[in-house]
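# Architecture and fold: a report
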Amino acid sequence: MKRFDSDYAKRGAEKRRLRIYATDPMTARRALYRIAIEIDNEPSLRPGPRGSIVEVHDFDGWNNQYYATVDLNDPTLLMEGGLAPSESDPRFHQQMVYAVSMKVVESARKALGRPITFYRSERRPILRLFPHAFFGQNAFFDPKLNAILFGYFRADPESPGPNIPDQTIFTCLSHDIIAHEMTHAIVHRLRPYFLEATNVDVLAFHEAFSDIIALLQRFSYRQLLANHIQASEGKIHESTMLLELAQQFGQATGTGKGLRSAIDDEPDPTKLAKTREPHARGAILLSAVFAGYLKAFQNRTADLFRLASGGTGILPAGRLHPDLVGRLTAEASQLSDRFLRICFRAFDYMPPVDVTFGDFLRAIVTSDFELNPSDPDEVRFEIVEAFRERGIYPSGVQSLAEEALLWPSAIGVMADPLSPDLLRMARELLNISGRTLDQSRPTRRRSVSEDAGPSSSRERIRHYESLVIESSDDQPDATIGQSDFQSGLYAALHNYATQNAAAFGLSRAIPIAVRGFHSIQRVAADQRLVIEFVAQFVQTDREQSEKWESGGLPFRAGATVIFGSEGEVRYIACKPMPSENLADALRDAAEARRRNTLDFVAELDDHDPRMAVADQIYLRDRMKFRAQFQALHAHR
């Protein structure tokens, strides 16, 4: 075969290079903060940009007009890495939200080992991004619209920070805000019931996790990281610009600082119990994760500092040697990538409802243990210590030892392994998921005109969506609109869960819904291929949602069950339902959850001024209103 006839010569581009602001326009006055990133290439990307996962629709709701759309397949833009960063060009705004959003999706896909899609219905199969949706100091993900809406506003006339008084600030140009909102959309896709505020941690977790991913994503930009390491002499915990979120937004609103910081003062184990507001409480979780990161970074680079300082630990005066900066940058970037994957992977090991910070810690430890059992760098130890120092403890564990934090494989009665027929269907889904992930499969180069139709990537994603079980929060019947494969898989899993209800902490008297079933494939630290199947089972006691004191909040129980490649149950993360068929300890835990939820609703009622003048609609569904991102982000 001649070389020009080989697959290598004819395959399409795997990556697309696009220019963005690494932080926001305020800091990007310096060239350092204007960078180019690589994202997965979609050859048939339409003007907008509109791809197979996200679509940008640039309608300005305040001015009631559409803006001209950017065509990233224009030959000039393909050669130049897209449009140059610009505050005044709406087409760059479209490019910015698309590029950063796709980068976050790529990070999630790599970590989870399966495709990430945002299918909601035939009418809304793709997540939509609106860069100029409204005038206001806000940006938020709307689950019902399956869209992220970015606002724009005027900087504070008295205290605008480094901005001009009354300057127009676009939230769609903030890397951190885009990544934050995109993470909200991913979290909602993975765990839709994490928007039901059943305890004080639920909404705070949503906010904290989105902040964590936004900051870790920024740490993947090596050129930016290298400059901050040089400026701080390797002490990245002292780099305010690197560890503050949404700096332009915070400065423009008159606060004099970024919206939030990953660094706290001295850890205070009593602070968590006194902090109730979701963003403030989430900031404690954010600081715990980054404290673990910074300590792990110090451990991994201690030898480099010893070599550079001749064993004294005190570096010579002046700029760091470029080789040392390069090594420190590589360590910081690799470690941030590991933390990014650890945090995303934890979702496969979290219960489907009623999440707490302690559940997140157990999920982190369990998921990372699967891929890095020995943990020679003591990353998990540093994370656990950082959580302990901030008073974050999981419930139901005997200690903070690693073996105590791992989720159990049984919570009383032993669960049956998957039946041969169910295991066969699970493995078929594994094959389909693998083919969908294979975005790098060599494909023949085609012209833009030939790529105008549906791409193979789009077709594979749609095929995957037609087979996988992944229900939205508002789908009362998970079998509606399913393919024959989905229906058969759902029925088999439903029967399996019903037969093993007691083993998963569920009641036999209440129907069990299958809210998710995925196959995952990952490579461990020792190069083992780890294959698992993850199921989410949920029960709903609808009688409670009809009671006034619940505020429209249904009482749900659920279990995330992780199966090995042979169908054996490996881990169970459950939130039990009160039931006579459960052991006393599980039944007591379930009743305690119910009481805690009602107590939390009452606490919010006591501090809600609207309760005195609210109509019947608000009183009936007040917990749903309180959990809307638009309202949450308006007070951040």
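For the structure itself, look to the data block above.
The present account deals with the structure reproduced in this document. Just so we're clear, the structure is a prediction, and the values are computed from it rather than from any experiment.

### What about the overall build of the protein?
When its secondary structure is counted, the protein shows 21 helices and 16 strands. Out of the 636 residues belonging to the protein, those deemed buried represent 58%. The contacts in the protein between residues at least 6 apart in sequence include a share of 68% that link residues at least 24 apart. Surface accessibility of the protein: about 26,500 Å² in total, with carbon and sulfur atoms responsible for 51%.

### Things to note about unusual backbone geometry
Here the bond from glycine 48 into proline 49 is cis, since omega is -5°, no more than 30 degrees from zero. Along the chain, proline 49 falls in the loop between β2 (34–40) and β3 (54–56). A positive phi angle, near 55°, is found at glutamate 378, a position not held by glycine. Note that glutamate 378 resides in the loop between α12 (357–371) and α13 (379–389).

### Some remarks on the pairing of strand β14 (residues 529–541)
Of all the 13 residues making up β14, 11 are buried; the element is thus mostly covered by neighbouring parts of the structure. Here 10 bridges tie strand β13 (residues 513–523) to β14, and the two strands are oriented antiparallel to one another. Note on β14: the bridge partner recorded for isoleucine 520 is glutamate 532. Between β13 and β14, which pair antiparallel one after the other, the connecting turn spans 5 residues, and glutamine 527 there sits at a positive phi close to 70°. Of the strand pairs in this sheet, β14 and strand β15 (residues 555–563) are connected by 9 bridges, and their pairing is antiparallel. Residue valine 534 lies in a different strand from β15, and its bridge partner there is isoleucine 562.

### Thoughts on the pattern of salt bridges
For the structure shown, the criterion picks out 40 salt bridges. Among the salt bridges present, the one from arginine 260 reaches aspartate 211, with a minimum N-O distance of 2.5 Å. Of this pair, arginine 260 sits in strand β11 (residues 260–261) while aspartate 211 sits in helix α5 (residues 202–218), and the two are 49 residues apart along the sequence. The same class applies to arginine 260 and to aspartate 211, which are both buried. The salt bridge involving arginine 626 is made with aspartate 605; its shortest N-O contact spans 2.8 Å. Of this pair, arginine 626 sits in helix α20 (residues 616–626) while aspartate 605 sits in helix α19 (residues 584–606), and the two are 21 residues apart along the sequence. Considered together, arginine 626 and aspartate 605 belong to a single accessibility category, that of buried residues.

### Topic: the nonpolar core
What tends to happen in soluble globular proteins is that the nonpolar side chains get buried as a cluster. Counting 143 residues, the largest nonpolar core has Phe205 and Phe360 as the members making the most contacts within it. Beyond its immediate chain neighbours, meaning those up to four positions away, phenylalanine 360 contacts Phe205, Phe209, Leu285, Val289, Cys343, Ala346, Met350 and Phe387. Counting 37 residues, the second-largest nonpolar core is a separate cluster that includes Met425, Ala497, Ile510 and Ala513.

### Let's talk about α5
Look at α5: 25 Å from first C-alpha to last across 17 residues, which is about the 24 Å you get at 1.5 Å a residue. With 17 of its 17 residues buried, α5 lies for the most part within the structure.

### Observations concerning the packing of helix α6 (residues 222–231) against helix α11 (residues 322–345)
Where α6 meets α11, the axes come as close as 9 Å, and the angle between the chain directions of the two elements is 125°. Between α6 and α11, the angle is such that the two are oblique. For α6 against α11, the interelement crossing comes out right-handed. Packed against α6, whose contacting residues are Arg222, Leu225, Ala226, Ile229 and Gln230, the element α11 presents Val325, Leu328, Thr329, Ala330, Ala332, Ser333 and Gln334 at the interface.

What counts as what
Residues numbered from 1 in each chain as written. Predicted model: local features only at pLDDT ≥ 70, side-chain atom pairs only at ≥ 80, totals over all residues. Heavy atoms only, no water. Helix = DSSP H or I, 4+ residues; strand = E, 2+ residues; numbered from the N terminus. Buried < 20%, exposed > 50% of the residue type's maximum accessible area, 1.4 Å probe, protein only. Contact = heavy atoms within 4.5 Å. Areas by Shrake-Rupley, 256 points an atom, 1.4 Å probe, with all protein chains shown as cover. Pairing = 2+ DSSP bridges. Salt bridge = Lys/Arg side-chain N within 4 Å of Asp/Glu carboxyl O. Core = buried A, V, L, I, M, F, W, Y, C linked by side-chain atoms within 4.5 Å. Expected span 1.5 Å × (residues − 1). Axes fitted to C-alpha atoms, helices over the stretch in contact; angles between N-to-C directions. Parallel < 35°, antiparallel > 145°, perpendicular 65-115°, else oblique. Left-handed = near helix turned anticlockwise from the far one by under 90°.

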